[in-house]
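Coordinate inspection notes
This is what each chain is made of:
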Amino acid sequence: MGTSLRKIVFPTAGMGTRFLPATKATPKEMLTIVDKPLIQYGVEEALAAGLGEIVMVTGRGKRSIEDHFDISAELETNLHAAGKDDLYKTVSHVARMANVAYIRQKQPLGLGHAVLCAAPWVGDECFGVSLADELILPEGKSAMQQLREVHEQTGASVIGLAPVPDQEVSRYGIVKANDENGLLRLETMIEKPSIDEAPSNLAMIGRYIFTPRLFGLLKDTKPGAGGEIQLTDAMCQLAAEEPVYGVVVEGARFDAGNPYGFLLANATLGLQHKEHGEALRTALKALL
Ligand code: G1P
């Protein structure tokens, strides 16, 4: 079953409390992994999966995200005039890589509410959702592409998953999944369960494709864990009404929404850096 999936929502209104004070005046999505902000990795992944119509649900203090994907005429003119061609190409590419729309979430009412804010823009189509603080480096196919393929096969909602250790289940939405003819069909999911409540060790890792039915359910979702309108709660309803599948995503994953995952992502990509990787390796060895 082919589908014309092309829209993707990036919820970017979160307050980034796990990264204070860094995120006091800088959106967490703009924190850099080596030389690119987290949100740019997410946008590149979406584009690679053919999801070229992007909306970011932003909030107060998030203007630098808009500036990042906008044309900076002054900067481009200066770099060009100075003959800094590589930098000029990099900067002008970022400004032109995608058409991005912005919607303001006026109050921090939760991830589910943020996704619901994008409903008028998405309309009656299937759509992706990506949480940019989960960085997933492709090993072959990108994470979103892996989801897209199961969506094209089934026409259904598809959720990206990864196994996590026991001590981490309380940080994530955790699913209960059953095998259905070689696909993982999700029966239910719980937001940030204790290890006793957790139905498995399979966590949702911030990559989703939904049918538009999700919006109708989100409208009626009451505040859940943490007093927030949770995406996971609406997904539970969705899974009770229609098939929702899971994909255990292949690729190196970093939960860069936590300081440790963020540092590890920087170390990993830093060591792979064309210009600085070797020097960093030598310096780290000396430190250790
Ligand atoms: C959110 C979701 C959670 C998911 C996680 C992935 O939580 O609510 O279900 O497992 O992202 O990182 P947050 O990290 O915003 O607390």
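Look above for the structure.
Predicted, not measured: the structure shown is a model, and the values here were computed from it. (Residues numbered from 1 in each chain as written. Predicted model: local features only at pLDDT ≥ 70, side-chain atom pairs only at ≥ 80, totals over all residues. Heavy atoms only, no water.)

Here we look at the environment of asparagine 99
Mapped onto the elements of the fold, asparagine 99 is located in strand 5 (residues 99-104). For the pair formed by asparagine 99 and glycine 52, sequence separation is 47 residues and the distance between their alpha carbons is 7.2 Å. Sequence-distant contacts of asparagine 99, that is, excluding residues within four places in its chain, are made with Gly52 and Ile54. (Helix = DSSP H or I, 4+ residues; strand = E, 2+ residues; numbered from the N terminus. Contact = heavy atoms within 4.5 Å.)

Quick look at the pattern of salt bridges
With the rule as written, the count across this model stands at 17 salt bridges. As a salt-bridge pair, aspartate 67 and arginine 63 come within 3.4 Å of each other at their nearest N and O atoms. Of this pair, aspartate 67 and arginine 63 are both found in helix 2 (residues 63-68), 4 residues apart, which corresponds to roughly one turn of the helix. Among the residues examined, aspartate 67 registers a relative accessible area of 40% and is labelled partly exposed. For the salt bridge of glutamate 134 with arginine 253, the shortest nitrogen-to-oxygen distance reads 2.8 Å. Separated by 119 residues along the polypeptide, glutamate 134 in strand 7 (residues 134-137) and arginine 253 in strand 13 (residues 252-255) bring together distant segments of the chain. (Salt bridge = Lys/Arg side-chain N within 4 Å of Asp/Glu carboxyl O. Buried < 20%, exposed > 50% of the residue type's maximum accessible area, 1.4 Å probe, protein only.)

Describing the pairing of strand 6 (residues 127-130)
Side-chain alternation along strand 6 places Phe127 and Val129 on one buried face and Gly128 and Ser130 on a second face that is also buried. With 2 bridges connecting them, strand 1 (residues 7-11) and strand 6 associate as parallel partners. Directly across from isoleucine 8, in strand 6, lies its bridge partner glycine 128. Note that strand 6 and strand 11 (residues 202-210) share 4 bridges and pair antiparallel. In the strand pairing of strand 11, valine 129 is matched with tyrosine 208. (Pairing = 2+ DSSP bridges.)

Description of the packing of aromatic side chains
For any pair of aromatic rings, the description consists of the separation of the ring centres together with the inter-plane angle of the planes. The full count for this structure, using the stated rule, is 4 aromatic pairs. Centre to centre, the rings of phenylalanine 127 and phenylalanine 210 are 5.9 Å apart; their planes meet at 45 degrees, and the pair counts as tilted. Linking phenylalanine 127 in strand 6 with phenylalanine 210 in strand 11, this pair joins segments that are 83 residues apart in sequence. The exposure class of phenylalanine 210 is buried, given its relative accessible area of 0%. On the numbers, 5.5 Å between centres and 20 degrees between planes, the contact of tyrosine 208 with phenylalanine 210 is stacked. Tyrosine 208 gets classed as buried once you look at its relative accessible area, which sits at 6%. (Phe/Tyr/Trp six-rings, centres within 6.5 Å; stacked < 30°, edge-to-face > 60°.)

Function-wise, these values are silent; they only describe arrangement.
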